[in-house]
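# A closer look at the structure
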Amino acid sequence: MTTTTSTSPWNSRLRELAKQCLFSEALTLYRQMLRFGHPPNAFTFPFALKSCAALSLPLTGSLLHSHVVKTGCEPDPFVQTSLVSMYCKCRSTDDARKVFDENPHSRKLTVCYNALISGHASNSKFRDAVSLFRRMREEGVEVNSVTMLGLIPGCVAPVHLSLGMCLHGSSVKCGFDVDLSVRNCLLTMYVKCGSIDNARKMFNAMPEKGLITWNAMISGYAQNGLATHVLNLYREMEYCGVCPDPVTLVGVLSSCTHLGAHGVGREVERRIESSGFGSNPYLKNALINMYARCGNLVKAHAIFDVMPEKSLVSWTAIIGGYGMHGHGEIALELFEEMIATGIRPDKAMFVTVLSACSHAGLTDEGLECFAAMEKNYRLQPGPEHYSCMVDLLGRAGRLKEAKELIDSMQVKPDGGVWGALLGACKIHKNVELAEIAFEHVIELEPTNSGYYVLMSNIYSDANNLEGVLKVRVMMKERQLKKEPGCSYVECKGRVHVFLAGDRSHCQTEDIYSILEELENLAREPGASNENEGERNKEQVIGVGVHSEKLAIAFGLLNTEPGTEIVVIKNLRVCGDCHLFIKSISKIVDRQFVVRDATRFHHFRNGICSCKDYW
DNA sequence: ATAGGGTTAG
């Protein structure tokens, strides 16, 4: 390789740009270099190729490859490795493999093997990555911790767990696990393989934790729906004096969304502002979601409105927010608006839109969207879309059509699809069809106790005691227990989890006396139907929180979803929680939502005791 | 002078 003196300053400039991640500028500089007659050399290509890789430009990349060949730089190991890496990052592992195989030099290089292994692992070719790793060891090429860092992230599903554990073992044996990155990587592997306990063990065993360690654990809990664990760990992190970054806060916000923890969410928002992360698009989307799901649609929409770049995820978040609170028309309007701005919806968006239609009873609109999905966007509906459609038709009482839709499905219906039909049969009291749906659903999800309970309630509504008994016996035989339903109420930054039959909350006495007071209120004239017998007695069926106020809703225990329920009157209740009754509620999808205010949590049996979670 | 790696939203 000859170094042209005139090329040298160009190379330095190129290196500077690549170092600062100004990749398109780097490529512009490369083009200028050619135009001014400075031939690229072995010190030029790694930076130019890296820029192609970062921008994922496969065509420019192969053009550069031809320049590499033309200038005779191909044998250079640095250039070879850069080529392999570039092709991998541009998703063409085959081309990377070709470069690798055609150059016997690179086959002796650890770095080149590392690039190829990581490239295969990150392009869902884990098996190939593993066989390359084996070959590397057979050929006596030195394995190092970077090799592990490329290979381990290929374990992305529970089927990879045992292999991942082997990799953990060999990392320890070779001493690679002293590297913090390798430990972080292993921790993430356990999370992705669904082994959250092992992830936590790993976390606890780490004497030195970096920000990424905390983030990996927090996101891990968040992805597995363990929202209260996320909030606990976040507090612990703050206690340890570790400063959160946007990745941390995205995980925390997604858990606030799950819990309806509006107050913690607002605290996180203040933190975002004070840390200068205000323009991070991930955080903005997470905030929109959090506010929308917590019922603060005004705030969610305000954030959405001022976003300079609204991505598909942003639109899905705001549309989903309106949809889940029963504002189907607004959801559809926004959907139209999004289409008009030229954003193409994806499958997840259609799930959101279809469920918005079904929550709001927009049956025809839902049917239209479903048809448009395949016709206009060439998106094959999956079982998740069919469950929305079955729900939509079922709620509208069109059970026959719902059943026909299932029979016409190209993909195999899953438990959710039959479960939606079963739910619709409950609403419309169709025992015969319910039995068919039940048979299918328990074949697909034999351990989901919710469906047994639903079927038992259908029999019970039809006064079919034999049926009730039959289902109860089935549950007993299969040793199924109904997981206790819980509700959460957030107050002053703390989340309280409520379980039935448990009086461990430090304010249990106060809470009971307040509930009793509220129950009495519910029986006041105009608010209840005392004469209609025990089944129709109004009880507390929901509670929700917004700002400092607590909303409590009353309804009939046998109220069917879709019926309006009314919160009786404003009552100020003394006590630490500053209880209020607020607003009008509407039952949406078996959840009770206070309009314009809050996420609602239901109390199935009127009074629940309460467990202090924190 | 140059190459390979770990955490993020619906």
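Residues numbered from 1 in each chain as written. Chains lettered and ligands numbered in written order. Predicted model: local features only at pLDDT ≥ 70, side-chain atom pairs only at ≥ 80, totals over all residues. Heavy atoms only, no water.

### Observations concerning the overall build of chain A
As a reminder, the rule being used: Put simply, DSSP marks the helices as runs of H or I at least four residues long and the strands as runs of E at least two long, and each gets a number from the N terminus on. Categorising residues by exposure relies on relative accessible area from a 1.4 Å probe, with only protein chains included: less than 20% of the type maximum marks a residue as buried, more than 50% marks it as exposed, and the intermediate range marks it as partly exposed. Here, residues are in contact when the closest pair of their heavy atoms is within 4.5 Å. Methods summary: accessible areas were calculated by the Shrake-Rupley approach with a probe of 1.4 Å, and residue burial reflects only the protein chains presented.
Of the regular secondary structure elements, chain A holds 29 helices and 10 strands. Taking all 614 residues of chain A together, the buried fraction comes to 50%. Contacts in chain A between residues far apart in sequence, at least 24 positions, make up 59% of those at least 6 positions apart. Accessible area of chain A: about 29900 Å², with a carbon and sulfur share of 53%.

### With respect to the protein's contact with DNA strand B
The line we're drawing: To be near a molecule or strand, a residue needs just one of its heavy atoms within 4 Å of it. A 3.5 Å cut-off defines polar contacts: any pair of N or O atoms within that distance qualifies, except that in protein one atom must be a possible hydrogen donor and the other a possible acceptor, and neighbouring residues in sequence count only when both atoms are side-chain atoms. Charged residues are taken to be Asp, Glu, Lys and Arg, nonpolar residues to be Ala, Val, Leu, Ile, Met, Phe, Trp, Tyr, Cys and Pro, and polar residues to be all remaining types, Gly included.
In the vicinity of DNA strand B, 41 residues are found, and the nearest of them are Asn-114, Asn-144, Leu-149, Asn-184 and Asn-289. Within 4 Å of the protein, the contacting atoms of DNA strand B are drawn from sugar and phosphate to the extent of 41%. Here a base oxygen of DNA strand B and a side-chain polar atom of Asn-215 are 2.9 Å apart. Tallied by class, residues from the surface near DNA strand B come to 18 nonpolar, 18 polar and five charged.

### Focus on the nonpolar core
Our working rule: As used in this record, nonpolar core signifies buried Ala, Val, Leu, Ile, Met, Phe, Trp, Tyr and Cys residues forming a set joined through side-chain atoms within 4.5 Å.
The biggest cluster of nonpolar side chains holds 146 residues, and the ones touching the most others in it are Val-84, Leu-187, Ile-319, Leu-421, Leu-422 and Phe-438. In contact with Leu-421, other than residues within four places in its own chain, are Val-390, Leu-399, Ala-402, Lys-403, Ile-406, Leu-433 and Ala-437. Grouped together as the second largest cluster of nonpolar side chains are six residues, Trp-10, Leu-14, Leu-17 and Leu-29 included.

### Description of the layout of surface pockets
Going by this rule: Here the term cavity refers to a set of points on a 1 Å grid, laid over the protein atoms alone, in which a 1.4 Å probe fits but cannot get out; the term pocket refers to an open set having protein on both sides within 12 Å along at least five of seven lines, with lining residues being those that place an atom within 4 Å of a point. Grid points are joined across faces, edges and corners, and a volume is the space filled by probe spheres set on the points.
Taken as a whole, the second largest pocket spans an internal volume of roughly 750 Å³. Of all the secondary structure elements, the ones that give two or more residues to the lining of the second largest pocket are α11 (180-192), α13 (211-223), α15 (246-259) and α17 (281-293).

### What to know about the UniProt feature "repeat: PPR" (unreviewed entry) in chain A
Note the cut-off: UniProt positions are given in the numbering used here, feature names are shortened, and annotations may be inferred rather than shown by experiment.
Sites flagged by UniProt as "repeat: PPR" (unreviewed entry) map to residues 6-40, 109-143, 210-244, 280-310 and 311-345. The distance from the first to the last C-alpha atom of residues 109-143 is 10 Å, and the span holds 74% helix and 0% strand.

### Looking at the environment of Phe-304
Inspection of the secondary structure assignment puts Phe-304 in helix α18 (residues 297-305). Exposure remark for Phe-304: the relative accessible area of 2% places this residue in the buried category. In the structure, Phe-304 is positioned 17 residues away from Leu-287 in sequence and 9.2 Å away in space, judged by C-alpha atoms. Apart from residues lying up to four places away in sequence, Phe-304 is in contact with Ile-288, Lys-310, Ser-314, Trp-315 and Ile-318.

### Structural notes on the pattern of salt bridges
The line we're drawing: By definition here, a salt bridge exists when the distance from a side-chain nitrogen of Lys or Arg to a carboxyl oxygen of Asp or Glu is within 4 Å.
Taken as a whole and judged by the stated rule, the model has 16 salt bridges. When the shortest N-O distance is used, the salt bridge between Arg-97 and Asp-101 registers 3.6 Å. Taken as a pair, Arg-97 and Asp-101 lie in helix α6 (residues 93-102) at a separation of four residues, close to a single helical turn. The exposure class assigned to Arg-97 is partly exposed, which follows from its relative accessible area of 26%. Residues joined by salt bridges that share partners form a network here, namely Arg-235, Glu-238, Glu-267 and Arg-271.

### Digging into the packing of aromatic side chains
Stated formally: To pair, rings of Phe, Tyr and Trp, with the six-membered ring standing in for Trp, must have centres within 6.5 Å; the planes then decide the type, stacked if under 30 degrees apart, edge-to-face if over 60, and tilted in the middle. Charge over a ring is defined by NZ of Lys or CZ of Arg lying within 6 Å of the ring centre and within 35 degrees of the ring normal.
Here the structure, examined in full by the defined rule, presents nine aromatic pairs. Centroid distance Trp-10 to Phe-36: 6.0 Å. Interplanar angle 35 degrees. Geometry classified as tilted. Of the two residues, Trp-10 is situated in helix α1 (residues 8-19) and Phe-36 in the loop between α2 (23-35) and α3 (45-55); the sequence distance between them amounts to 26 residues. Classification of Phe-36 by relative accessible area gives exposed; the value is 55%. Relative to Phe-45, the ring of Tyr-30 lies with its centre 6.4 Å away and its plane at 55 degrees, an arrangement referred to as tilted. In this pair, Tyr-30 sits in helix α2 while Phe-45 sits in helix α3, placing the two residues 15 residues apart along the sequence. For the pair formed by Tyr-30 and Phe-45, the shared burial category is buried. The aromatic ring of Phe-203 is capped on one face by Lys-209, whose charged end is 4.9 Å from the ring centroid.

### A closer look at the packing of helix α24 (residues 399-407) against helix α25 (residues 415-427)
Working note: a packed helix pair is described by the angle between its axes plus the distance between those axes. The test is simple: Here an axis means a line fitted to C-alpha atoms, over the contact stretch when the element is a helix, while the angle between two N-to-C directions is reported on a 0 to 180 degree scale. Throughout this description, any angle smaller than 35 degrees is read as roughly parallel, any larger than 145 degrees as roughly antiparallel, any in the 65 to 115 degree range as roughly perpendicular, and the remainder as oblique.
Two elements in contact, α24 and α25, have axes whose closest approach is 11 Å; the angle formed by their N-to-C orientations is 170 degrees. In terms of orientation, α24 and α25 fall into the roughly antiparallel class. Where α24 approaches α25, its residues Leu-399, Ala-402, Lys-403 and Ile-406 are matched on the opposing element by Val-417, Trp-418, Leu-421, Ala-424 and Cys-425.

### Details of a positive patch on the surface
Note the following rule: Only residues whose relative accessible area exceeds 30% and that form no salt bridge are eligible for patches; like-charged ones are grouped when within 9 Å, while nonpolar side chains (Val, Leu, Ile, Met, Phe, Trp, Tyr) are grouped when within 5 Å. The charged-residue count follows a simple rule in which Lys and Arg add positive charge and Asp and Glu add negative charge, with His and chain termini not counted at all. By convention, the point assigned to a charge is CZ for Arg, NZ for Lys, CD for Glu and CG for Asp.
Where like charges cluster on the molecular surface, the positive patch consists of Arg-127, Arg-134, Arg-137 and Lys-173. You can see Lys-173 is positioned in helix α10 (residues 161-174). In this structure Lys-173 comes out as exposed when scored by relative accessible area, which is 74%.

### Structural notes on α18
Applicable threshold: As used here, the arc is the angular range of directions from the helix axis to the C-beta atoms.
All of the buried residues along α18 are Leu-297, Ala-300, His-301, Ile-303 and Phe-304. Viewed end-on, α18 has its buried residues packed into an arc of 160 degrees, placing them on one side of the element. Elements in contact with the buried residues of α18: α16 (262-275), α17, α19 (312-324) and α20 (328-340).

### Focus on helix α4 (residues 58-70)
Quick reminder of the rule: How far a helix is expected to stretch is found by multiplying one less than its residue total by 1.5 Å.
Taking 1.5 Å of rise per residue, 13 residues should cover 18 Å, and α4 covers 18 Å from first to last C-alpha, within 8% of that figure. Every buried residue of α4 is listed here: Gly-61, Leu-64, His-65, His-67 and Val-68. End-on view of α4: buried residues confined to an arc of 160 degrees, all on one side of the axis. Opposite the buried face of α4, by more than 90 degrees, sit the exposed residues Leu-59 and Lys-70. Just downstream of α4 lies Gly-72, where phi reads positive at about 70 degrees.

### Things to note about the side chain of Asn-296
Turning to its location among the elements, Asn-296 is positioned in the loop between α17 and α18. Assessed through its relative accessible area of 16%, Asn-296 is described here as buried. At 3.5 Å, the side chain of Asn-296 forms a polar contact with the side chain of His-262.

### Side note on the state of the cysteines
Let me state the cut-off plainly: Pairs of cysteine sulfur atoms within 2.5 Å are what we label disulfides.
Enumeration according to the criterion identifies zero disulfides in this entry. Of all cysteine sulfurs in the structure, the one in Cys-155 sits closest to Cys-185, which takes part in no disulfide; the separation is 8.7 Å. In this model Cys-357 remains outside any disulfide bridge; the closest cysteine sulfur is found in Cys-369, 4.9 Å from its own.

### Remarks on the packing of α18 against α19
Heads up, the condition is: Here a crossing is called left-handed whenever its near helix is offset anticlockwise from the far helix by less than a right angle, and right-handed whenever the offset is clockwise.
One way to put it is that α18 packs onto α19 with a least axis distance of 10 Å and a crossing angle of 160 degrees. Overall, the two elements α18 and α19 adopt an arrangement that is roughly antiparallel. Once α18 is placed against α19, the crossing between them reads as left-handed. Here α18 contributes Leu-297, Ala-300, His-301 and Phe-304 to the contact with α19, which in turn contributes Ser-314, Trp-315, Ile-318, Gly-321 and Tyr-322.

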